[in-house]
Amino acid sequence: MKKGFGKVFSALAVMTAGAAAGGVAANSVAAKKIQQLTDGHKKVHELYMAFDQWLRIRQQGKTLAAYFERNNYKTVAIYGMKELGERLCDELKDSGIDVRYGIDQNADSIYADVDVITPDDDLEPVDVIVVTAIYYFDEIEEMLSEKVEYPVISLEDILYEV
């Protein structure tokens, strides 16, 4: 009887340890998923707020070109050629501000009115690089600042300084 009890106890101990390990693993996966969802929400919220501010500027009869003119930025590169990058390129099109090129990690799959290169390519000198991937600005600005000697600014800053 004692032998049988030992086997049962061992089996229960193994099952309990397995359940605990499974619970820890499931919790880790759930925590990662929650973090991804939270980051995605923050990114979408920042995009929404940027478009809202941009719309306010337009409703006041202003354009973003005024910011570039005021700061004597005549040539621009745009980092991030998704929605905000496309809209910035469109807005500056006939303004006298020359958008020389776009920069995007996915340059090969981007179709735009300007040439689009990757951040690893040689970056032609411009007066300023505008980062439209505002959620990732800090990392992008740090990476670009190691490659170029001209300003790297966030579209978000422009939107609140016009």
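Please refer to the structure placed before this passage.
All values reported here derive from a predicted model rather than from experimental measurement.

Visitor: I keep staring at a negative patch on the surface and nothing clicks. Help me out?
Guide: On the surface, Asp108, Asp120, Asp121 and Asp122 cluster together into a negatively charged patch. Checked against the element boundaries, Asp121 lands in the loop between β3 (116-117) and β4 (128-131). Judged by its relative accessible area of 34%, Asp121 is partly exposed.

Visitor: Explain a nonpolar patch on the surface to me, please; I cannot follow it from the model alone.
Guide: A grouping of Tyr48, Met49 and Tyr160 is seen on the molecular surface, where their side chains present a nonpolar patch of about 330 Å² in accessible area. Mapped onto the fold, Met49 is located in helix α1 (residues 2-59).

Visitor: Is there a simple way to explain the side chain of Gln53 in this structure?
Guide: Topologically, Gln53 is positioned in helix α1. Residue classification places Gln53 among the buried positions, given a relative accessible area of 16%. In contact with Gln53, other than residues within four places in its own chain, are Leu159 and Tyr160.

Visitor: Would you take a moment to explain the pattern of salt bridges for this structure?
Guide: Any two side chains of opposite charge can pair, given that their charged atoms come close. Counted by the stated rule, this structure contains seven salt bridges. Across the pair Glu86 and Arg87 runs a salt bridge whose closest N-O atoms are separated by 3.7 Å. Accessibility expressed as a relative area gives 35% for Arg87, which makes it partly exposed.

Visitor: Just checking my understanding: could you explain the sheet that holds β3 for this structure?
Guide: Strand pairs in the sheet, formed through backbone hydrogen bonds, run parallel or antiparallel to each other. Read across the open sheet, the five strands follow the order β3-β2-β1-β4-β5; overall the sheet is parallel. In this open sheet, the two strands that pair with only one neighbour each are β3 and β5 (152-154). In this sheet, β4 lies alongside strand β1 (residues 75-79) in parallel orientation, the contact comprising four bridges. By the bridge assignment for β4, Ile78 is matched with Val130. Taken strand by strand, helix α3 (residues 83-92) contacts β1, β2 (98-103) and β4, and its axis lies near 160° from that of β1. Docked against the sheet, helix α4 (residues 137-145) engages β1, β4 and β5, running at close to 170° with respect to β5.

Visitor: It is not clear to me how the nonpolar core should be interpreted in this structure. Could you clarify?
Guide: Nonpolar side chains tend to gather and get buried jointly when the protein is soluble and globular. If you look at the biggest cluster of nonpolar residues, it comprises 28 residues, and the most contacted ones within it are Leu64, Phe68, Leu88, Val130, Leu155 and Ile158. Those elements that provide at least two residues to this core are α1, α2 (65-70), β1, α3, β4 and α5 (155-161). In this view, Val130 contacts Phe68, Val76, Ala77, Ile78, Tyr79, Leu88, Ile153, Leu155 and Ile158; residues no more than four positions away in its chain are not counted. Membership of the second largest hydrophobic core comes to 15 residues, among which are Ile117, Val131, Phe137 and Tyr150.

Visitor: I would appreciate a short explanation of the environment of Glu69 in the present structure.
Guide: Note on placement: Glu69 falls in helix α2. A C-alpha to C-alpha distance of 8.8 Å links Glu69 and Gly96, two positions 27 residues apart in sequence. Excluding its chain neighbours within four sequence positions, the residues that come into contact with Glu69 are Ser95 and Ile97.

Visitor: For this particular structure, what's the right way to read the layout of surface pockets?
Guide: The method is simple in principle: a probe with the dimensions of a water molecule rolls over the atoms, and the space it marks as empty is what remains. Counted as a void, the largest pocket has a volume near 480 Å³. Considering the residues around the largest pocket, the lining is formed by 21 residues, among which Lys43, Lys82, Thr132, Ala133 and Tyr136 are closest to the centre. When residues of the lining of the largest pocket are traced back to their parent elements, those giving at least two are α1 and α3. It is α1 that contributes the most residues to the lining of the largest pocket, five residues altogether. When grouped by side-chain class, the residues that make up the lining of the largest pocket number 10 nonpolar, six polar and five charged.

About the criteria used
- Residues numbered from 1 in each chain as written.
- Predicted model: local features only at pLDDT ≥ 70, side-chain atom pairs only at ≥ 80, totals over all residues.
- Heavy atoms only, no water.
- Patch = residues over 30% accessible without salt bridge, like charges linked within 9 Å, V, L, I, M, F, W, Y side chains within 5 Å.
- Areas by Shrake-Rupley, 256 points an atom, 1.4 Å probe, with all protein chains shown as cover.
- Salt bridge = Lys/Arg side-chain N within 4 Å of Asp/Glu carboxyl O.
- Lys, Arg positive; Asp, Glu negative; His and termini not counted.
- Charge placed at Lys NZ, Arg CZ, Asp CG, Glu CD.
- Helix = DSSP H or I, 4+ residues; strand = E, 2+ residues; numbered from the N terminus.
- Buried < 20%, exposed > 50% of the residue type's maximum accessible area, 1.4 Å probe, protein only.
- Contact = heavy atoms within 4.5 Å.
- Pairing = 2+ DSSP bridges.
- Axes fitted to C-alpha atoms, helices over the stretch in contact; angles between N-to-C directions.
- Core = buried A, V, L, I, M, F, W, Y, C linked by side-chain atoms within 4.5 Å.
- 1 Å grid on protein atoms, 1.4 Å probe; cavity = no way out; pocket = protein on both sides within 12 Å on 5 of 7 lines; lining within 4 Å.
- Points joined across faces, edges and corners; volume = space filled by probe spheres on them.
- Nonpolar A, V, L, I, M, F, W, Y, C, P; charged D, E, K, R; others polar.

By themselves, these observations are geometric and do not establish any function.
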